[in-house]
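These are the residues of each chain, in order.
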Amino acid sequence: MFGPVVRAVEDEELIRRVAEGDDQALSELYNRYSRPVYATGIRLLGDAHLAEELVQDAFMSIWRAAGSFDPGRASFTTWLYRITRNRAVDLNRRRQVRPFSAGEEPLRNVSGGPEPEGGVDGWDVARALSRIPDEHREVLTLAYFEGLSQREISRRTGVPLGTVKSRTTAALKRLHRSLVNPAAEESRHD
Amino acid sequence: MTEDRFEKLLGLYLLEELSVEEERELEVHLEECSRCRGELARARQTHDLLRELAASGPPPELKDRVLARARGEIPARSRGGWRFWVPAAALLIIAVFGAGFLWMITKDSPEGIPLAATAPTSEGGGELSGEVQEGNLQIELVVWGLPELRKGEYYELWYSKEDGGRISCGTFRARPESQTTVNLTAPASAVSYPEIEVTREPDNGDPGSSGEKVLVGDLRNL
């Protein structure tokens, strides 16, 4: 499903490239954030087809409006989260114009928005993943999102099997640190 | 096996990638090492979150659809001369098949034409539907979440095309906190204009568009 991990590129740099028409940068942002966008769609709209539509709408909004993103005002994830929430509200209004089809439910928690009830959610994990070193993100992405075994990761990346193995535990540790203390992780990354 | 070596196995233990022998050795070690148990508990939290995120993914083929759609559309900052050709092709279609062609597309859309806010973080939106009756286009427009108007300002609905040509379909006011439905009328020829705009207009007597778009829609995207 996903292409090679884009190396050493921050979200904000990727969105700048998207504004210049770089579809590889859009592809990498999709790799990083399509899951929390989709999960938000499922949580709010309660329907897999609408959640897919939400993913399409959100990433097309990124493509169309990347030039208006201002990193001085909000982080990329905050911006994308707002887009996702607003598009979900739009989709729900459009759904209200027509009768519900089987299996659809009204938007959940629309008045308060899709703010997580507390604790860690997919947005936090996706954001934390984007902050850790590339080699760590790579092993975790391949192991968890593509379901590759350690041996397959070694073959895919050309990294010796022993290194892949030790890197996996180190990557989990690093991600945990990034989740618990994002600010420290960001300053380490700078 | 050293403690450091045991610690390195924790991730593989969670991913069930250890040999039976390694797994047994690690479990024996965990029983007596509280430090490694703590590390395992933290790694397991992260492991579970990743598993959960992995399980919540959209279908794999969706990515290709999104990228294909994006590739067919140049992002705002880098739009160039292509913009001439798309409306030109639309006009050619209209010339060949008649002005009703694009409207037929909208009539077939059960949801009407979606209108998106120009500001990506705006919660505004709209939907437009209608039909041609006796040479006029009867439009029903539903809008919500539009910015609050100042005294004397109003909104105006336009059908437009890339060369700047536009036909006004009428004016209206709307409150930001509620959904507003208005019925407007325009000449039937408006349907040959591929883009739809809602603009915010000042009360200055100028009948032209202010260009301050708050909602946009595109018949070519249907």
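Keep in mind that this is a model prediction, so the values were computed, not measured. (Residues numbered from 1 in each chain as written. Chains lettered and ligands numbered in written order. Predicted model: local features only at pLDDT ≥ 70, side-chain atom pairs only at ≥ 80, totals over all residues.)

**A word on the overall build of chain A**
Then comes step 1: Along chain A, the regular secondary structure elements total nine helices and zero strands.
Then comes step 2: Order of helices (α) and strands (β) in chain A, N terminus to C terminus: α-α-α-α-α-α-α-α-α.
Then comes step 3: Each of the 190 residues in chain A was classed as buried or not, and the buried ones make up 49%.
Then comes step 4: Counted over contacts in chain A with a minimum sequence separation of 6, partners at least 24 positions apart contribute 67%. (Helix = DSSP H or I, 4+ residues; strand = E, 2+ residues; numbered from the N terminus. Buried ≥ 20, exposed ≤ 12 C-beta atoms within 10 Å, placed from the backbone. Contact = placed C-beta atoms within 7 Å.)

**A look at the overall build of chain B**
Then comes step 1: Each helix and strand counted, chain B has seven helices and eight strands in total.
Then comes step 2: When each of the 222 residues of chain B is scored for burial, the buried share is 32%.
Then comes step 3: Sequence separation of at least 24 residues holds for 56% of the intrachain contacts in chain B that already meet a minimum separation of 6.

**Brief notes about helix H4 (residues 34–55) of chain B**
Then comes step 1: When the terminal C-alpha atoms of H4 of chain B are compared, their 31 Å separation across 22 residues agrees well with the 32 Å that a helix rising 1.5 Å per residue should span.
Then comes step 2: Residues Glu39, Leu40, Ala43, Thr46, His47, Leu49, Leu50 and Leu53 of chain B constitute the buried set of H4 of chain B. (Expected span 1.5 Å × (residues − 1).)

**What about the confidence of the model for chain B?**
Residue and element names in this part refer to chain B.
Then comes step 1: When pLDDT is averaged across chain B, the result is 78; 80% of the residues are at 70 or more.
Then comes step 2: Here helix H7 (residues 100–108) stands out as the least confident element of chain B, with mean pLDDT 42; helix H2 (residues 10–14) is the most confident, with 94.
Then comes step 3: With pLDDT under 50 throughout, residues 76–90 is counted as low confidence; its partners more than four residues away or in other chains account for 19 contacts.
Then comes step 4: Per the prediction output, this complex has pTM 0.58; the corresponding ipTM is 0.78. (pLDDT = per-residue confidence, 0-100.)

**Focus on the sheet that holds strand S4 (residues 154–160) of chain B**
Residue and element names in this part refer to chain B.
Then comes step 1: Pairing within the open sheet is antiparallel, and its eight strands lie in the order S5-S4-S7-S8-S1-S2-S3-S6. Across the chains shown, the open sheet's two edge strands, defined by having one partner strand only, are strand S5 (166–172) and strand S6 (180–187). For this sheet, the mean angle separating the axes of adjacent strands, direction not counted, is 25°.
Then comes step 2: Bridge analysis of strand S3 (residues 136–144) against S6 gives eight bridges, and the strand direction is antiparallel. Considered in S6, the bridge of leucine 141 is made with valine 182. (Pairing = 2+ DSSP bridges. Axes fitted to C-alpha atoms, helices over the stretch in contact; angles between N-to-C directions.)

**Observations concerning the pairing of strand S8 (residues 213–218) of chain B**
Residues and elements named next belong to chain B.
Then comes step 1: Here two bridges tie strand S1 (residues 113–117) to S8, and the two strands are oriented antiparallel to one another. Paired with alanine 117 across the two strands is leucine 215, which belongs to S8.
Then comes step 2: In terms of strand pairing, strand S7 (residues 195–201) meets S8 through five bridges, oriented antiparallel. Residue pairing across strands places glutamate 195 opposite aspartate 218, the latter belonging to S8.

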